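Understanding the architecture of this molecule
Each chain is listed here by its residues.
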Amino acid sequence: MFYNNIHTRIRYVFLVVLICLIICIAKVFYIQVFSYQKLNTLADALWSRKLPIMADRGEIIDRNGKVLATNITTTSLVVIPNQIKDKELTAQKLSEILGTDYDDMLKHVSKKTSIERVHPEGRQLSYEVAEKIDNLKLDGVYLVKESKRYYPYNNLLSHVLGYVGIDNQGLSGLELYYNDYLTGEDGSIKYFSDGKGHKLELAEVYEAPTSGITLQLTIDLDLQLAVENELENAIQKYEADGAIALAMNPKTGEILAMASRPSFDPNNYQDYNTEIINRNLPIWMTFEPGSTFKIITLTAALEEKTINLFEGTFHDSGSVNVDGATIHCWKHGGHGTQTYLEVVENSCNPGFVNIGFTLGTDKLMEYINEFGFGKKTGIDLNGEAKGILFKKEKMGPVETATTAFGQGVSVTPIQQIRAVSAAINGGYLYTPYIVKNFLESETKSLIKAINPTKEKKIISDETSSLVRFALENVVAKGSGHNAYIENYRIGGKTGTAQTVENGIYSSSKYILSFVGFMPADDPEIVVYVAIQNAKNVVQYGGTVSAPIAKNIFKSAIDIFDIKPSKDVIPKEYTWLDTKYVILPDVVNMNLDEAKKALKGFKLEYSGNGNTVIYESPKPGSYVKETSTITLMLN
Amino acid sequence: MKKIDKKIIFIVIIMALFGIVMIYSASSIWAEYRYQDAFKFVKAQSIFFILGLFIMFFLAKIDYKIYSKKANMILFVCFLLLVLVLIPGIGSIRNGSRSWFGLGGFGIQPSEFAKIGLIIYVAKYLEKNNRIMQDIKKGVLPLILVIGVFFLLIMLEPDFGTAMVIVLTLVIMIFISGVKLSFFVKVGLLGLLGIVILIIIAPYRMMRIVAFLNPWSDPLGSGYQIIQSLYAIGPGGILGQGFLKSRQKQFYLPEPQTDFIFSIISEEFGFLGILIIAFFFAYLYYRIIKTSLKSPSLFGKYLAFGLGTGIIVQALLNIAVVIGLLPVTGVTLPFFSYGGSSLLVSLISMGIILNISKNN
């Protein structure tokens, strides 16, 4: 009876012990099955150490695949303090090779951390230095691959490309704007270590780095080179304070070239003033556009049909009185009676005041807004300015008058080239852009293409073609004649604007600009040039900027293989100009007849026959009156 | 007279051998690093195992009734040893507690031996006083006093783990003697109240409990060992990393051959290995309980039950700690963990139990 009592309790205890044991087993099962993933991940992080392998940054290439920004492989010094037995010796050897402070290096190799990057003195080491370190075969000292950004063309396109910091992070330009795309994913060599940090004899796991995405730009390297060269020359020739040039495809908004002075070399950006580095003038700088802005006034008036280009006339007496203020024409004494086409050709200020008034303040400002002034263009770069316009409700007749010919407003070069493109491309305002394609880094296969974005049609095709015609006349017969290229149809407009200094107009400092397009009947390229404070030259856009634009056009002809046009408006000559004539066709004539037909030209012959079989330049093209003609004789 | 329980001998030898193999796996790297001898702990444990086997077989022949006669003397020797070990110069400190006698390179832990001494004493006491055990004052209280003295002595070392094992084992023995359940309920409530008061007095104890419930709240301090243990058990998965392939023994788990050998077994043999270990203990305890139930003498019942329960309580406590069910207390896993005294005492217990089984 008594034993039974004890036996029962013994059995109870046995049961409870079994239950406890089962609880323990259940807990182990829970840990090993349900917490397995979590614990395994955590434990893996504890056991493994990673030697980082830096990913290559995505390349930046031009529209034809030529490399504008790439990487050069360097090595970087990494130490694993736990694996270094003789810290003093290691520190001494390393500091000797790197030429750095011994105590500093001792701190690095003694640091209580699993892995230490010797920063910055051990970064981006040259091959020679890396080899010296490698030859020592020191325990716990590793050289890992590190890539360094390299811009093979130095100053070329520098403001657009931007630059990167020591950790390859984009700090400005496209490098910053597209940093997430360009940044690759770092890889690593993972090895396992014991609790004291020593490397274990377990297989290392290599995780390959992934390079960043390659950016293909709308920029054409050859054109960019030409543009940079032109600006360099201009700066030299005119001792100018600054220079800006832009080239854009008016049918898409693609930026073909973008350059400015002063520029910098992104490989050595530390050597430059931050103001120079950070100001991408074509999108950052705002200034009074001057006469180039008249294109907008003209376009608005033509679309609203408030003027007739051919039949309407305006008399310019040299000045006009608006609400008590006198506005002078740039030409002393005025242009007299002109058709509106002549008003445009002469860039006559009172004429444009008149055009502005035919539109009225509301309409004028409506078009200015629709052409994208007063707001950012949305180009894929940081640091764009909006510019300043008069507030419509505060505008009186004087403000309307000055706005009509481009004074009292402040705009950026990119806004101007975009607006002019819209005026001449049939009326579509495009968002300018620089990155055309995202490409896979190795195969350069297309990941994503950027399509042109256009806004609604602002003006009719007819208006646009009238604007092209008027601007072609400006180059052929008016103030833009320095941009004229024989056998090509070029339209454009000059601009001369006083620089504002401390809130007042400077009487000596000007920004001389020109905006033009080619071919005038079906524009493929729009070029904008502005030179700031050119010295030792007549202060007209036509004198300084138009010739630069002309040279850029010439380069574009070769680069884009633009064909000569047939129906060119002949150039009108001033006494300064050399005359151009149409070259008569003398092919198949005998020599005497040919000599007669080509009277006035210098002749060169090739061959000994009596019949002309080939004539160079081609018959029918415009040539200088006294130029040399080569005839091939049978 | 029946024959000796060979199943107990068989299972004990298998467990101890498995233990020695695992001690090699767990300790070789640490031993190589610390003593330039990968087999250092394996050798020591093997010597104690062989010695222990001799003692076990010897004790299996000694009639267990002699312990009843010598119980007071045994307890007195234990008492003396526990006092001596506290004296600096005689007792040596290890892991923060003065609980060892250094004996020619080996260490002897008197608290381990006191465990057996107390179990013998309590078994005898319960046999003699079984009529008055219903009377708490006359029957239970004197016994509680004796246990309390030993508990205090061990806590002075301090060796909280061993003290816990001893108290739990003895309380369970008192429980089976037929003391009213209400007494244990009251004692339990009292203990709970005591814990609450202790927490109110010093709120940092709450932090300790929180730290044990969520070791990641203090991963480098109080949570360190349990996190390292979980990092061993978790990645073991169902089938384990494989023999000798533990990573946590590579200086992550401190002294993996002692208290945390269960973690290393989990890591190398996975859940399957744990099932086998659990089966060993359950089966061993089952055989011991059977011996106890069959014993014709009351002293034999109490003694076999007490010695078996002492081992199983210690095993459960060890496992509960390493898997995070209880706060870290520091007891070894019987038969598996490295430790001469622990293995000797376990084998002595088995020897006594074998003799009881022989006399059934």
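Bear in mind the structure is a predicted one, so any value in this text is a computation, not a measurement.

**Focus: the overall build of chain A**
- Helix and strand counts for chain A come out as 20 helices and 26 strands.
- Taking all 634 residues of chain A together, 52% fall into the buried category.
- Once local pairs closer than 6 in sequence are excluded, the contacts in chain A between residues at least 24 apart make up 70%.

**A word on the confidence of the model for chain B**
- For chain B, the average pLDDT comes to 89, and 98% of its residues sit at 70 or higher.
- Scoring of the predicted complex yields 0.63 for pTM and 0.93 for ipTM.

**Concerning the environment of Ala-422 of chain A**
- Turning to its location among the elements, Ala-422 of chain A is positioned in helix α17 (residues 413–424).
- Discounting residues that sit within four places of it in the chain, Ala-422 of chain A has contacts with Phe-371, Gly-427, Tyr-428, Leu-429, Ile-458 and Ile-459 of chain A.

**Section: the sheet that holds strand β6 (residues 187–192) of chain A**
All names here are of chain A.
- The strand order β1-β6-β7 describes an open sheet built from 3 strands, whose pairing is antiparallel. Because the sheet does not close on itself, it has two edges, and the strands there are β1 (48–53) and β7 (205–207). Across this sheet, the average inter-strand angle for adjacent strands is 20°, counted without regard to direction.
- Each of β1 and β6 is contacted by helix α2 (residues 36–47), which is oriented at about 70° to β1, the strand it contacts most.

**Considerations on helix α3 (residues 87–98) of chain A**
All names here are of chain A.
- Counted at 1.5 Å a residue, the expected span for α3 with its 12 residues is 16 Å, and the 16 Å between its end C-alpha atoms agrees.
- When we look at burial in α3, the residues that qualify are Thr-90, Ala-91, Leu-94, Ser-95 and Leu-98. Down the axis of α3, the buried side of the element spans an arc of 120°, and every buried residue falls inside it.
- Tucked into the core, α3 has its buried residues touching β3 (67–79), α4 (102–110), α5 (127–136) and β5 (141–150).
- By the N-cap criterion, in which a side-chain oxygen at the helix start approaches the backbone nitrogen of a residue two or three places on, α3 is capped by Asp-86, the distance to Glu-88 being 3.4 Å.
- A positive phi of about 65° marks Gly-99, the residue just after α3.

**Regarding the side chain of Asp-316 of chain A**
- Following the sequence through the fold, Asp-316 of chain A ends up in strand β11 (residues 313–316).
- Of the polar contacts made by the side chain of Asp-316 of chain A, one reaches the backbone nitrogen of Gly-318 of chain A; its length is 2.8 Å.

**Quick look at the sheet that holds strand β24 (residues 612–616) of chain A**
Residue and element names in this part refer to chain A.
- The 3 strands are arranged β23-β26-β24 in an open sheet whose pairing can be described as mixed. Two strands bound the open sheet, and with one partner strand each, they are β23 (602–606) and β24. Taking each pair of neighbouring strands and ignoring which way they run, the sheet shows an average axis angle of 25°.
- Inspection of the sheet shows β24 paired to strand β26 (residues 628–633) by 4 bridges, in the antiparallel sense. Across the sheet, Tyr-614 pairs through a bridge with Met-632, a residue of β26.

**Some thoughts on the nonpolar core**
- Membership of the largest hydrophobic core comes to 126 residues, with the highest contact counts inside it found for Phe-281, Leu-303, Phe-335, Phe-336, Met-350 and Ile-352 of chain B.
- Leaving out residues up to four positions away in the same chain, Met-350 of chain B has contacts with Ile-8, Val-12, Met-56, Leu-284, Ile-288, Ile-311 and Phe-335 of chain B.
- Leu-157, Leu-161, Leu-217 and Leu-246 of chain A belong to the second largest nonpolar core, which has 90 residues in total.

**Some thoughts on the packing of helix α4 (residues 110–128) of chain B against helix α12 (residues 340–358) of chain B**
All names here are of chain B.
- It is at 9 Å that the axes of α4 and α12 come closest, and there the two elements cross at 20°. The angle between the axes of α4 and α12 places the two elements in the roughly parallel class. In the crossing of α4 with α12, the sense of the turn from one axis to the other is right-handed. Residues Glu-112, Phe-113, Lys-115 and Ile-116 of α4 form the contact with α12, whose participating residues are Ser-341, Ser-342, Val-345, Ile-348, Ser-349 and Ile-352.
- Class assignment of the residues belonging to the contact of α4 with α12 gives a composition of 5 nonpolar, 3 polar and 2 charged.

**Things to note about the pattern of salt bridges**
All names here are of chain A.
- Using the criterion set out here, one finds 27 salt bridges over all chains in the structure.
- A salt bridge links Arg-149 to Glu-175; its shortest N-O distance comes to 2.8 Å. Placement of Arg-149 in strand β5 and of Glu-175 in helix α7 (residues 173–177) is noted, with a sequence separation of 26 residues between them. Comparing Arg-149 with Glu-175 shows no difference in burial state: the two are buried.

**A short note on helix α18 (residues 461–477) of chain A**
- The end-to-end C-alpha separation of α18 of chain A is 24 Å, in line with the 24 Å expected for 17 residues at 1.5 Å each.
- Listed as buried for α18 of chain A are Thr-463, Ser-464, Val-467, Arg-468, Ala-470, Leu-471, Glu-472, Asn-473, Val-474, Val-475 and Ala-476 of chain A.

**Overview of the interface of chain A and chain B**
- With 38 residues of chain A in contact, the opposing surface of chain B contributes 53 residues.
- At the boundary of chain A with chain B, total buried surface from both sides reaches about 4100 Å², with 77% on carbon and sulfur atoms.
- Of all residues in chain A, the largest losses of buried area upon contact with chain B belong to Arg-9, Gln-32 and Trp-47 of chain A, amounting jointly to 18% of the total for that side.
- The interface formed by chain A and chain B includes 0 salt bridges.
- The tally of links between chain A and chain B comes to 8 residue pairs in polar contact (both at pLDDT 80 or more).
- Elements that contribute at least two residues to the side of chain A that touches chain B include exactly α1 (2–34) and α2 of chain A.
- A total of 22 residues in the side of chain A that touches chain B trace back to one element, the largest contributor, which is α1 of chain A.
- A class-by-class count of the residues in the side of chain A that touches chain B yields 26 nonpolar, 5 polar and 7 charged.

**Some words on unusual backbone geometry**
All names here are of chain A.
- In this model, Met-518 is joined to Pro-519 through a cis peptide bond whose omega is -20°.
- Inspection of the secondary structure assignment puts Pro-519 in the loop between β20 (504–518) and β21 (525–532).
- Here Ser-616 and Pro-617 are connected by a cis peptide whose omega angle stands at -5°.
- For Lys-444, which is not glycine, the phi torsion reads 60° and is therefore positive.
- If you trace the backbone, Lys-444 turns up in the loop between β16 (435–439) and β17 (446–449).
- Owing to a relative accessible area of 32%, Lys-444 belongs among the partly exposed residues under this scheme.

**Some words on the side chain of Thr-218 of chain A**
Residues and elements named next belong to chain A.
- Mapping Thr-218 onto the fold places it in the loop between β8 (214–217) and α9 (221–238).
- Relative accessible area serves as the criterion here: at 0%, Thr-218 is assigned to the buried category.
- Only 2.5 Å separates the side chain of Thr-218 from the backbone oxygen of Ile-255, close enough to count as a polar contact.
- When residues no more than four places from it in sequence are discounted, the contact partners of Thr-218 are Arg-63, Glu-254, Ile-255, Leu-256, Tyr-433, Ile-434, Val-435 and Lys-436.

**Some thoughts on the pairing of β8 of chain A**
Residue and element names in this part refer to chain A.
- Burial of β8 is two-sided: the residues Thr-214 and Gln-216 facing one way and the residues Leu-215 and Leu-217 facing the other way are all buried.
- When strand β2 (residues 60–61) meets β8, the two strands line up parallel, connected through 2 bridges. When the bridges of β8 are listed, Ile-61 appears paired with Gln-216.
- In this sheet, β16 lies alongside β8 in antiparallel orientation, the contact comprising 4 bridges. The residue of β16 that forms the bridge with Gln-216 is Asn-437.

**Thoughts on a nonpolar patch on the surface**
- On the surface, Phe-29, Tyr-30, Val-33 and Phe-34 of chain A together with Ile-238, Leu-239, Leu-272 and Leu-275 of chain B cluster together to form a nonpolar patch covering roughly 760 Å² of accessible area.
- The set of elements that each furnish at least two residues to the nonpolar patch consists of α1 of chain A together with α10 (261–294) of chain B.
- With 4 residues, the top contributor of residues to the nonpolar patch is α1 of chain A.
- Along the chain, Phe-34 of chain A turns up in helix α1.
- With relative accessibility at 60%, the residue Phe-34 of chain A sits in the exposed group.

**Description of the packing of helix α14 (residues 349–359) of chain A against helix α16 (residues 397–404) of chain A**
Residue and element names in this part refer to chain A.
- Here α14 crosses α16 at 120°, and the two axes come no closer than 8 Å. The angle between α14 and α16 places the two elements in the oblique class. The two elements α14 and α16 meet at a crossing, and its hand is right-handed. Residues Phe-352, Val-353, Gly-356 and Phe-357 of α14 lie in contact with α16, whose contacting residues are Pro-397, Thr-400, Ala-401 and Ala-404.
- Counted by class, the contact of α14 with α16 contains 6 nonpolar, 2 polar and no charged residues.

**So, the packing of aromatic side chains**
- By the definition in use, this model includes 30 aromatic pairs over all chains.
- An angle of 45° between the planes, with centres 6.1 Å apart, marks the rings of Phe-14 of chain A and Tyr-286 of chain B as tilted. Of this pair, Phe-14 of chain A sits in helix α1 while Tyr-286 of chain B is found in helix α10, placing the two residues in two different chains.
- Their ring planes at 80° and their centres at 5.7 Å tell us that Phe-18 of chain B and Phe-336 of chain B sit as a pair that is edge-to-face. With Phe-18 of chain B in helix α1 (residues 6–35) and Phe-336 of chain B in the loop between α11 (298–322) and α12, this residue pair connects regions lying 318 residues apart in the sequence.
- Its relative accessible area of 0% is what places Phe-336 of chain B among the buried residues.
- Through a chain of ring-to-ring contacts, three or more aromatic side chains come together here, namely Phe-14 of chain A together with Phe-279, Tyr-283, Tyr-285 and Tyr-286 of chain B.
- Directly above the ring of Phe-175 of chain B sits Arg-9 of chain A, whose terminal nitrogen or CZ lies 4.6 Å from the centroid.

Rules of the game
The residue numbering used here restarts from 1 in each chain and proceeds along that chain's sequence as written. Whichever chain is written first becomes A and whichever ligand is written first becomes 1, with later ones labelled in order. Given that the model is predicted, a residue must reach a pLDDT of at least 70 before its local features are reported, and side-chain atom pairs must reach 80 or more before they are shown or counted; all residues, however, enter totals for whole chains, interfaces and linings. To get the side-chain values, take all heavy atoms of the structure and skip hydrogens and water. The secondary structure listing takes helices from DSSP runs of H or I that are at least 4 residues long and strands from runs of E that are at least 2 residues long, numbered from the N terminus. Residue exposure (1.4 Å probe, protein chains only): buried if accessible area is under 20% of the type maximum, exposed if over 50%, otherwise partly exposed. Only heavy atoms enter the contact rule, under which two residues are in contact if any of them lie within 4.5 Å. For every residue, the predictor assigns a confidence score, pLDDT, that lies between 0 and 100. Criterion used throughout: strands pair if DSSP finds at least two bridges between them. Note on method: axes are straight lines fitted to C-alpha atoms, helices fitted across the in-contact stretch only, with angles between N-to-C directions ranging 0 to 180 degrees. Multiplying 1.5 Å by the helix residue count minus one yields the expected span of that helix. Starting at the helix axis, one direction is taken to each C-beta atom, and the arc is that of these directions. Here a polar contact means two N or O atoms within 3.5 Å. Within protein one must be a hydrogen donor candidate and the other an acceptor candidate, and residues neighboring in sequence count only if both atoms are side-chain atoms. Here the nonpolar core consists of buried residues drawn from Ala, Val, Leu, Ile, Met, Phe, Trp, Tyr and Cys, with membership extended through side-chain atoms lying within 4.5 Å. Between 65 and 115 degrees an angle is taken as roughly perpendicular, under 35 as roughly parallel, over 145 as roughly antiparallel, and anywhere else as oblique. Left-handed is the label given to a crossing in which the near helix is rotated counterclockwise from the far helix by less than a right angle, and right-handed is the label when the rotation is clockwise. Residues are grouped as follows: nonpolar covers Ala, Val, Leu, Ile, Met, Phe, Trp, Tyr, Cys and Pro; charged covers Asp, Glu, Lys and Arg; every other residue, Gly included, is treated as polar. Salt bridge, as applied in this entry: a Lys or Arg side-chain nitrogen positioned within 4 Å of an Asp or Glu carboxyl oxygen. Buried area is calculated as the accessible area (1.4 Å probe) missing from two parts once they are joined, with the contributions of both summed. Note that patches include only residues with greater than 30% relative accessible area and no salt bridge, and the join distances are 9 Å for like charges and 5 Å for nonpolar side chains (Val, Leu, Ile, Met, Phe, Trp, Tyr). Surface exposure here means Shrake-Rupley accessible area, sampled with a 1.4 Å probe, where a residue is shielded only by the protein chains that are shown. Classification of ring pairs uses Phe, Tyr and Trp, with its six-membered ring standing for Trp, and accepts pairs whose centres are within 6.5 Å; under 30 degrees between planes counts as stacked, over 60 as edge-to-face, and the remaining range as tilted. A positively charged side chain is recorded as over a ring if its NZ (Lys) or CZ (Arg) lies within 6 Å of the ring centre. The angle to the ring normal must also be within 35 degrees.

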